[in-house]
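An overview of the molecular structure
Below are the chains, spelled out letter by letter.
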Amino acid sequence: MTQDIQHSSAELAKRRLQQITRGKSIHQVEAMKTQIPDADGITRLQIVEALDHVGTDDALDALGQMLPDPEPEVHQAIVQIFLRPRKSSAQALFRLLTNPETRYQEAALEIIVSSGDARYGAFVAGYLYALLSNVLPMNSVLGEQAVAFLRHINTNEAMAAIDAWRAKFPLSVPQAQSQPEHDIATPTHNRAKELVNYHQAFQTLIKHIRAGRWGDQQKASKALHSLVRQLPEDIVGDAIRMFTDALEDRNPLVRWASVEAMAWLHHVDTIPALGRCVADPNWSIRLAAIRALIEIGDIGSVRWIEPALNDEHSSVQEAALEAIGKLGSRRHAEQIGTILSNTKDPVVCAAAAETARKLGLTNVVPTLVGLLDASHAGLKWAAARALSELASENDVAAIAAYLHDDTRPDWEEQDAGEWIRAALKRINTPEAKTALRQTPTARV
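Let us look at the structure shown here. It should be emphasised that the depicted structure is a prediction, and the values quoted were computed from it without experimental measurement.

**Considerations on the overall build of the protein chain**
Looking only at helices and strands, the protein chain features 24 helices and zero strands. Sequence separation of at least 24 residues holds for 65% of the intrachain contacts in the protein chain that already meet a minimum separation of 6. Approximately 22700 Å² of the protein chain is accessible, and the part contributed by carbon and sulfur atoms is 51%.

The following block contains the structure:
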């Protein structure tokens, strides 16, 4: 009887704590929502980071209500949160897609379509069914966009949803107003290239990006990037010159769209222009330029990326570390070691640990061992993973002490202790074997 009472008391206390915590988070979210209408771009970006830190469903829904945001940096930050491979982010994106207000449906569809990820096919199929069954207000234009995306991913569930839609709307939107159904990600190549005046089209789209409203700017940017992907080889040089000129535009969205367009070209001749963008005053353009250089994959672009290893914005610094890990060499060992030792941002530090692993930088092993004591699970995990490949027989005693560590980031399968076991198995000295025998297997 006593045990039952204690168990019930514990459960009640747990539920009470959850209620208090949730109540506090709701209050925080509501307070931040009142600040959004009058906030400038920098403040809204801070609000986005704060809501992401709260991480509740209410906080994610508040982020969705900020879309579309007039500032590219803020808008992109929200999009990245919704596209994270987490159940909570996916559920929030679905709630945004099924919001009764059309502008939220449009924002969610734009995120899903731009990702091109087949994982969201079930969401979009459910969205079509919701329209057909009058759960949501009918919007045939958005429905056709959903159909085009489902046609692109081409799963059984997607085709069933399209069939249901076509049964009711065989000609919902004239073809001149909608994307071709066969492919939303890659425009058709079978149109005669003389039918498209690419230079005029690019100039018109850039004009819309420069002077249009936010929704028009986004549509023009997407159209620009789609047009670039079907560009005939004989005018690539002219396009590069035009986009290079556009990189001097005062409007940051024009510069960003031009960087993205050059990334789609995947052409080495764009490297100098993209490299100069790594020093752009706008951090989102610096980030986009580094991502573009990573995609091109030319080791010569490293000289443009290196200064960003000390960028003031953590996202840019993280991207630069990723680029060095993929394109760099061991000559960056000292700089990576300095970042690992001195950086306070755990995400940047984790990126540096991953770069050290990719480059095989054994000089940072003592620092990595010290990071196994980090309170940030992602940083600890990254350090352990790097040590699984970099630690030597001289490090056995130091790393064996962490075999019991079974903390892990939410998005990973392996924990720190498992990576340490992998290191000891690789080292395979008598001391390493003894440590493995004496320590239970890390929790899976």
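**Some points on the environment of Asp117**
Relative to the helices and strands, Asp117 is located in the loop between α6 (102–115) and α7 (121–132). Of the residues examined, Asp117 reaches a relative accessible area of 22% and is grouped as partly exposed. Here the alpha-carbon distance between Asp117 and Leu83, two residues 34 residues apart in the chain, equals 9.6 Å. With near-sequence residues (within four places) excluded, Asp117 lies in contact with Ile112 and Phe149.

**Comments concerning the environment of Glu248**
By secondary structure assignment, the location of Glu248 is in the loop between α12 (236–246) and α13 (252–265). Of the residues examined, Glu248 reaches a relative accessible area of 65% and is grouped as exposed. In sequence terms Glu248 and Asp280 are 32 residues apart; their C-alpha atoms lie 10.0 Å from each other.

**Quick word on the nonpolar core**
If you look at the biggest cluster of nonpolar residues, it comprises 148 residues, and the most contacted ones within it are Leu150, Phe202, Phe243 and Leu368. Per-element tally for this core: the top contributor is helix α15 (residues 283–296), with ten residues. Contacts of Leu150, omitting those with residues within four sequence positions, involve Gly121, Val124, Ala125, Leu128, Ala158, Ala161 and Ile162.

About the cut-offs
- Residues numbered from 1 in each chain as written.
- Predicted model: local features only at pLDDT ≥ 70, side-chain atom pairs only at ≥ 80, totals over all residues.
- Heavy atoms only, no water.
- Helix = DSSP H or I, 4+ residues; strand = E, 2+ residues; numbered from the N terminus.
- Contact = heavy atoms within 4.5 Å.
- Areas by Shrake-Rupley, 256 points an atom, 1.4 Å probe, with all protein chains shown as cover.
- Buried < 20%, exposed > 50% of the residue type's maximum accessible area, 1.4 Å probe, protein only.
- Core = buried A, V, L, I, M, F, W, Y, C linked by side-chain atoms within 4.5 Å.

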